[in-house]
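Structural characterization, general
If you want the building blocks of each chain, they are given just below.
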Amino acid sequence: MSHIATHQPLWSIARIALVIFALLYSASTSLSHSNIESRVLDILKSFNKVDPTKVSLNVYFLNDLGLDSLDMVEVVMAIKEEFSVEIPNKNADEIKSTV
Amino acid sequence: MPSFPTRRSGLQQEVVNFYRECFRAARVKPAQNRPHFYSFIRSQFREHDLKKHDFATIEYLLRRGKRQLETYRERSIDDIHM
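As recorded in an unreviewed UniProt entry, chain B goes by the name Complex 1 LYR protein domain-containing protein, listed as coming from Jimgerdemannia flammicorona. Word for word, the UniProt comment on chain B under Sequence similarities (unreviewed entry) is "Belongs to the complex I LYR family. SDHAF1 subfamily." Heading Subcellular location (unreviewed entry) of the UniProt record for chain B holds this comment: "Mitochondrion matrix".

Under an unreviewed UniProt entry, chain A has the name Acyl carrier protein and belongs to Jimgerdemannia flammicorona. We quote the UniProt Sequence similarities (unreviewed entry) comment for chain A here in full: "Belongs to the acyl carrier protein (ACP) family." Within the UniProt record for chain A, the comment given under Pathway (unreviewed entry) is "Lipid metabolism; fatty acid biosynthesis."

Right, let's get into the overall build of chain B. If you tally the helices and strands in chain B, you get 3 helices and 0 strands. Projected onto its principal axes, the C-alpha coordinates of chain B cover approximately 45 × 35 × 20 Å. Out of the 82 residues belonging to chain B, those deemed buried represent 28%. For chain B, the share of sequence-separated contacts (at least 6 apart) that also reach a separation of at least 24 residues comes to 64%. When the accessible surface of chain B is split by element, carbon and sulfur atoms take 53% of a total near 5,600 Å².

All names here are of chain B. Within the fold, Leu50 resides in the loop between helix 2 (34–46) and helix 3 (55–72). Here Leu50 falls in the partly exposed class, since its relative accessible area comes to 32%. Setting aside its immediate chain neighbours within four residues, Leu50 contacts Thr57, Ile58 and Leu61.

What follows is about the nonpolar core. Of all hydrophobic cores here, the largest spans 22 residues; its most connected members are Ile20, Val40, Leu44, Ile79 and Phe83 of chain A. Residues contacting Phe83 of chain A, with those up to four places away along its chain left out, are Ile20, Leu24, Ile36, Arg39 and Val40 of chain A. Membership of the second largest hydrophobic core comes to 19 residues, among which are Val73 of chain A together with Leu11, Val16 and Phe23 of chain B.

Conventions we followed
- Residues numbered from 1 in each chain as written.
- Chains lettered and ligands numbered in written order.
- Predicted model: local features only at pLDDT ≥ 70, side-chain atom pairs only at ≥ 80, totals over all residues.
- Heavy atoms only, no water.
- UniProt positions renumbered as here; feature names shortened; annotations may be inferred.
- Helix = DSSP H or I, 4+ residues; strand = E, 2+ residues; numbered from the N terminus.
- Buried < 20%, exposed > 50% of the residue type's maximum accessible area, 1.4 Å probe, protein only.
- Contact = heavy atoms within 4.5 Å.
- Areas by Shrake-Rupley, 256 points an atom, 1.4 Å probe, with all protein chains shown as cover.
- Core = buried A, V, L, I, M, F, W, Y, C linked by side-chain atoms within 4.5 Å.

In structure tokens, the structure reads:
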């Protein structure tokens, strides 16, 4: 198992929305960036463990919402289902925040 | 200032991957029963009060969990009650 030190990016809803927007841009012209952002926000808010009043575009999953790596699996799966996109597992595992 | 996530060990990654595999398997179950399976998976993973270095127990639980998954994957099992 390699343990190469790499810089792991911190994710936010804004960044996830950008990635999804880029992935879907060619497929759908009706999808706006802010539409993606609000749908991701809604996914987070609908999680039992999450306090919906704390959810914002710049909130960090781990530090602010108290979600752990198992919760992140569920969040990413919900996002993938919502937008019908494939986020490679390697990137999915790096998604640690909503910023 | 948010803290950078620490690098995950291979074993931690195995647990995360297995968690994902369990949820993917639950997605195949009848839609109205999926939440039952999701609750079951969450409780199975979280009920153990484990330390990160408790490798033997973690590995044992992973092996046991994978056997359980193969059982629950059976199409004849379409709901679960806790």
